Amino acid sequence: MKLRRADGGVIAVEVVGEPDAPAVLFCHGLADSRLAAYGFAGAAHALGLRLIAPDRPGIGGTEARRLPRVVDWAAEATVVLDALGVGSVALLGVSGGGAFAAACASELPDRVRSLVLIAPLGPPAWPTRGMAAGQRASLQIARRAPAFGGWFLGRLATLARRAPGLFIRLATSEMPAGDRRALAQPDARAAFLTNYLRAFQRGSWGVGQDLRVLTRPWGFDLESITVPTSIHQGDADTTVPLRHARRFAAAIPGARLHIHPGQGHFSILTAPEQTLATLAA
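Residues numbered from 1 in each chain as written. Predicted model: local features only at pLDDT ≥ 70, side-chain atom pairs only at ≥ 80, totals over all residues. Heavy atoms only, no water.

A. Summary view of the sheet that holds strand S3 (residues 23-27). Read across the open sheet, the 8 strands follow the order S1-S2-S4-S3-S5-S6-S7-S8; overall the sheet is mixed. The open sheet has two free edges, formed respectively by strand S1 (2-4) and strand S8 (256-260), since each of these has just one partner strand. Strand-to-strand, the axes of this sheet are offset by a mean angle of 25°, without reference to chain direction. Of the pairings in the sheet, the one linking S3 to strand S4 (residues 50-54) comprises 3 bridges and is parallel in character. Each bridged residue has a counterpart across the sheet, and for Val24 the counterpart in S4 is Leu51. (Pairing = 2+ DSSP bridges. Helix = DSSP H or I, 4+ residues; strand = E, 2+ residues; numbered from the N terminus. Axes fitted to C-alpha atoms, helices over the stretch in contact; angles between N-to-C directions.)

Right, dumping it as structure tokens:
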């Protein structure tokens, strides 16, 4: 569906799962889109949840709007929740979307029931040891030139349209074996391509903005989060290292860390009921 801000700007939102069930705001990852919520659709139906998944500004079907910091996403999320008549909400953030979900938990404590983070990417000052070399280089470039980083990822989207097999080989070249196996499955491979391409539906500006705000101070403290929080991380992840999940767990009061042995950044997503279970509690 398409919602409108007060200034008339469009926000594209996907809703999956059980109608009228408890709401979960889904924050998609970097160079990803609202369509990633469909990977959790079966689990949402089974657990009795309704996932509300907006594209962030400039990504997918959402019109561009400048976000000065990650924390400013909370106001955008509030527009979505108000438009859909949602009062209480749980939060689900995956990878780069973890920061945006955490921002909502910090800024909307009276509205948020709980927070689940899956392989969350940490703030820019956190160490990158444990990341694949290509991931570290991408973040270093983004810190200095986020627009260029977005443009480069957009060029990869062009490759994905023209030569999807080559794109998959490049994208998975530094991944652990578990992630390569997961993305070799036809459905997972098709979803990965679709979500990546949809992220650049409006060009590379939106992904560049995500890179900018993720690699600058976020504008809130993880220590300010007071809602029940669960963090899920694979110990074989080379996209976001385990040490980031440990730091999230140490910073957020009372957070529970669940380490999934042998799982990577994408293979951990193949068991969504396990990671979403606390949202249904």
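B. Up close: the side chain of Asp55. Residue position: Asp55 is located in the loop between S4 and helix H2 (73-83). A polar contact of 3.0 Å, which involves the side chain of Asp55, links it to the backbone nitrogen of Gly61. If we ignore the near neighbours within four places in the chain, the residues touching Asp55 are Ile11, Ala12, His28, Ser33, Arg34, Gly60, Gly61, Thr62 and Trp73. (Polar contact = N/O pair within 3.5 Å; in protein donor to acceptor, adjacent residues only side chain to side chain. Contact = heavy atoms within 4.5 Å.)

C. Quick peek at the pairing of S8. As paired strands, strand S7 (residues 229-234) and S8 are joined by 5 bridges and run parallel to one another. Bridge pairing links Gly234 to His260 in S8. With helix H10 (residues 242-251) bridging S7 and its parallel neighbour S8, the resulting β-α-β unit is right-handed. (Right-handed = clockwise from strand over helix to strand, strands pointing away.)

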